[in-house]
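# Topology and contacts: notes
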Amino acid sequence: MLLLRLNSPMLRIILIALGVGISLNARAQSAQSALPQTPQPVPAPTVQPEHYTSVDYSKSGPAFPNVIAPYKARYVPPPNLNNTDRIQQLMHDGKIMLSMNDAVALALENNLDLVLARYNLNIADTDILRADAGANVLGVNTGIVQNTPGGGVGGLSGSVGSGTGGTSVAAGGVGTGTNGLVSSTLGIGAPITSFDPIVSGTLQMDRNFTQSTSVFSPIPITNTNTGTADFNYVQGFHWGTNLSVGFNNTHVTTDLPTSEFTPSINSGLQFRLTQNLLQGFGFVANTRFIRIAKNNREISDVAFRLQIITTVDQIENLYWDLVYAYENVRVQQEALAFAQRTLADNKQQVQFGTLPPIQVVNAQATVATDQQSLILAQTNLELQQLLMKNALSKTLEDPALGGAEVIPTSTMQLPEQEPVVPTQDLINDALGHRAELAESRIDLSTRELNNKAVRNAMLPTLALFAYYGGSGIGGDVNPALLPPSLGGTCTAATSRFGCFNPATATPTFSSGAPVSTAGTFSQLVNGTAPDKGVGLTLNIPIRNRQGQADQVRAELEYRQAQVRLLQLSNQVRIEVRNAQFALQQNRASVQAAQAGVDFASETLRAEQQKLSAGVSNPTAVLQDQTGLTTAESNLVSAKAAYEKARVEMDRATGLLLDHSGIVMADAERGEVTHMPNIPYVAPRTDVQPGVPSQPPGY
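Residues numbered from 1 in each chain as written. Predicted model: local features only at pLDDT ≥ 70, side-chain atom pairs only at ≥ 80, totals over all residues. Heavy atoms only, no water.

## Description of the packing of aromatic side chains
A ring pair, where both rings are aromatic, is described by two values, the distance of the centres and the angle of the planes. How we decide: Aromatic rings from Phe, Tyr and Trp, taking only the six-membered ring of Trp, are treated as a pair when their centres fall within 6.5 Å; an angle between ring planes under 30 degrees marks them as stacked, one over 60 as edge-to-face, and anything in between as tilted. Exposure is judged per residue with a 1.4 Å probe applied to protein chains only, and the accessible area is read against the type maximum: over 50% gives exposed, under 20% gives buried, and values in between give partly exposed. Ring-over charges, as used throughout, are those where CZ of Arg or NZ of Lys falls within 6 Å of the ring centre and within 35 degrees of the ring normal.
For the structure on display, the rule yields five aromatic pairs. Ring centres of F237 and W239 lie 5.3 Å apart, and the angle between their planes is 15 degrees; this geometry places the pair in the stacked category. Residue classification places W239 among the partly exposed residues on the basis of a relative accessible area of 42%. Ring centres 5.8 Å apart and planes at 85 degrees place the aromatic pair Y319 and W320 in the edge-to-face group. The burial state of Y319 is the same as that of W320; both residues are buried. Directly above the aromatic system of F289 lies the positively charged group of R288, at a separation of 4.7 Å from the ring centroid. Above the ring of Y680, the side-chain terminus of R646 is found at 3.9 Å from the ring centroid.

Below, the structure written as structure tokens:
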């Protein structure tokens, strides 16, 4: 009879609600059957670290006894793109039982952001090796990689550092630009001779036929064979001294009758030392690249520490997002279960005639809404699980890993009393521990050194040099010019140009006998024909505008770096205060959300008691249950925001790694042998999603 009194629009509402309820109920039951089950306590896995071999690329390979080793390419192993065994040991029955400590450990071993950044350490080593040879440095990328999907870093701008980039001249980012040709004065200065000895040589054989064009030529075509063997040695030293040694040799045979010696051997040897007295003098000017490379290596260590902080920050944020999604599924499940029980009770009471049918329609609409909320919560949980697996693994190609659910086994732990630390103490911690400030200070030190080298490069070039050498002649007298007294056939009648005369010949040929190659070489050092001297070379650039411009620019870049350091310090101070404010605000939000849950729970209990006494209706109860669901969801969200605020406080003060118990050596190797210990985290003891619990007072 009641249905007959309903108008046609009401009938349409009933039909629509019934249709939506049936459709969403089927989907929710399907999704609910796939919910994660309650995890059982699992003992901490014993992980055997992978084999890791540390290679110091700042040292060259030994040249002895394998003398060709410096000229052979060194093998660089390909990256290990397999996940570590830890992730398999955490998997049970197709589920990854993941604690916060396990998540951070897996990130240190598998996160690709860290794998990328780890290469910068070895790249910086190669710059040291290059600078030790006297070459300029190529620079090291110190940007922070933030490619973990779903992970966010706090601070004022929401990001720290930049992308992967490439190599850069300016380690600290000062003096570089993006538009046009912009480079830095870092590294400019006096030319540096290679500290590695350089040996060069030329070996040549030449046969030359020359047609005569002179009336004095005794033959129409001259055949000359020339062999050349020249060797040079060059090396520079850290204090601005250059050593060069030249050793030149020629061996000539000819059929020209007028040539006094054939074959003829000519050798020359010279040692030359050059010392720069103005530009290029001293250790600062000549070892600037070595010092810059070592500073860049130190910056790389600090940048890698910043990369670890950034990655761990993202992983902890991801984990709390996962915990929120997990808890929200539980809240939405409880709300749906309550709405379904209310719908069943209402249907039963409508059959007995104690409730109007409109209460069934209202309950069905509530069930449909709660089913939709549950599906949204479940899909968000699946997304957070996917993001977490991606952040903690190198690859998801393994079907078992790709389809595994991630069950967080850690939950949020709020301290009874918030620790009270004076703001100035937090700021002092940040100023002493923030990696960005350490990078800027090292860069400032590098630029201070660079300014000295640039000022030295403004000076004229004045070099003192000294050399000593000798020359030697060897071979044999041309038989066509040898007189009969020496066993030849040359006479005044047969030679228009005269015969060989030992009295006027060079001392080594005074006997007319041949001079061997060894005899020629001995003349280089026995004082037969010495060549020695000292001198000065001076080069003065008039006006010296390039030097002035470089020096002023270097000073400006140094001042700019000073301002940048101050700017970073001010930013750090603001970030610390902002993190402190956020922590206080989120703590208050948790307390307010907890009060809201308590109030909603008491309101629901009171409304249920009224319903039992017959002075309320199911609609009011459902509304109160919806309010409780919203309050519980807000509480979970507030707790997650509070935990993120604590992570941000540790990041802002630079103490994230210290408070998390992360060992830098483990992170550099990609092998965790000391498990992290994240603070304010507790093991889960409550009911997990998939096992609905009754709301309070039901």
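## Focus: the packing of helix α5 (residues 112-132) against helix α7 (residues 288-352)
Relative orientation and spacing of two packed helices are given, respectively, by the angle between their axes and the distance between those axes. The line we're drawing: Note on geometry: axes are C-alpha line fits, over the in-contact stretch for helices, and angles between N-to-C directions span 0 to 180 degrees. Secondary structure follows DSSP: runs of H or I at least 4 residues long count as helices, runs of E at least 2 residues long count as strands, and numbering of each begins at the N terminus. The scheme is simple: roughly parallel for angles under 35 degrees, roughly antiparallel for over 145, roughly perpendicular for 65 to 115, oblique for anything else.
Running from amino to carboxyl end, α5 crosses α7 at an angle of 175 degrees, the nearest separation of the two axes being 8 Å. The angle between α5 and α7 falls in the class roughly antiparallel.

## What about the pattern of salt bridges?
Where we set the bar: Here, a salt bridge means any Lys or Arg side-chain nitrogen found within 4 Å of an Asp or Glu carboxyl oxygen.
All chains considered together, the criterion is met by 19 salt bridges. For the salt bridge of E648 with R651, the shortest nitrogen-to-oxygen distance reads 3.0 Å. Of this pair, E648 and R651 both sit in helix α14 (residues 618-653), separated by three residues, roughly a single helical turn. For the pair E648 and R651, one class covers both residues: buried. What emerges from the salt-bridge pattern is a single network uniting R434, E436, E575, E648 and R651.

## Concerning the environment of A667
Stated precisely, the cut-off is as follows: Between two residues, a contact is recorded if the distance between any of their heavy atoms is within 4.5 Å.
With respect to the helices and strands, A667 occurs in helix α16 (residues 664-669). Along the primary structure A667 and R118 are separated by 549 residues, whereas in three dimensions their C-alpha atoms are 8.8 Å apart. Those residues in contact with A667 that lie beyond four places of it in its chain are L108, R118, F304 and I308.

## As for the nonpolar core
Condition: For our purposes a nonpolar core is just a set of buried Ala, Val, Leu, Ile, Met, Phe, Trp, Tyr and Cys residues, chained together by side-chain atoms within 4.5 Å.
Counting 71 residues, the largest nonpolar core has I96, L98 and L108 as its most contacted members. Looking at this core element by element, the count peaks at 17 residues for α7. Apart from the residues lying within four places of it in its own chain, the contact partners of I96 are I87, L90, M91, K389, L401, A404, E405, V406 and I407. Core analysis: the next-biggest nonpolar cluster, separate from the first, contains 15 residues, I427, A430, L437 and L565 among them.

## Topic: α5
Let me state the cut-off plainly: An expected span of 1.5 Å times one less than the residue number is assigned to each helix.
Along its 21 residues, α5 runs 32 Å from first to last C-alpha, staying within 8% of the 30 Å computed at 1.5 Å per residue. Turning to α5, its buried residues number three or more, namely D113, L114, V115, A117, R118, N120, L121, A124, D125, D127, I128 and A131. Where the residues of α5 are buried, they touch α4 (100-110), α7 and α16. G134 lies just past α5 and shows a positive phi near 95 degrees.

## Points about the pairing of strand β4 (residues 221-236)
Filter applied, for reference: For two strands to be treated as a pair, DSSP must find no fewer than two bridges joining them.
Sheet topology note: the strand β3 (residues 198-211)/β4 ladder contains 14 bridges and is antiparallel. Bridge assignment links N208 to a residue of β4, and that residue is T224. Pairing between β4 and strand β5 (residues 241-254): 13 bridges, direction antiparallel. Looking across to β5, one finds that Y233 is bridged to V245. Where β4 folds back onto β5 in an antiparallel hairpin, the turn is made up of four residues, including G240, whose phi is positive at roughly 100 degrees.

## A short note on helix α10 (residues 423-433)
Residues spaced three or four apart along an α-helix point in a common direction, a consequence of the helix completing one turn every 3.6 residues. Note the cut-off: What the arc measures is the spread of directions leading from the helix axis to the C-beta atoms.
Those residues of α10 that sit buried are L426, I427, A430 and L431. Along the axis of α10, the buried residues cluster in a sector spanning 135 degrees; they form a single face. Contacts made by the buried residues of α10 are with α11 (435-457), α13 (545-613) and α14.

## Quick notes on the sheet that holds strand β1 (residues 91-92)
Across the sheet, three strands lie side by side as β1-β2-β7; this open sheet has mixed pairing. In this open sheet, the two edge strands, each paired with only one partner strand, are β1 and β7 (405-408). Strand direction decides the pairing type here: strand β2 (residues 95-98) and β7, joined by four bridges, are parallel. Note on β7: the bridge partner recorded for L98 is P408. Together, β2 and β7 form the strand contacts of α7, whose direction differs from that of β7 by roughly 95 degrees. Strand contacts of helix α8 (residues 358-391): β2 and β7, with the helix running at about 90 degrees to β7, the strand carrying the most contacts.

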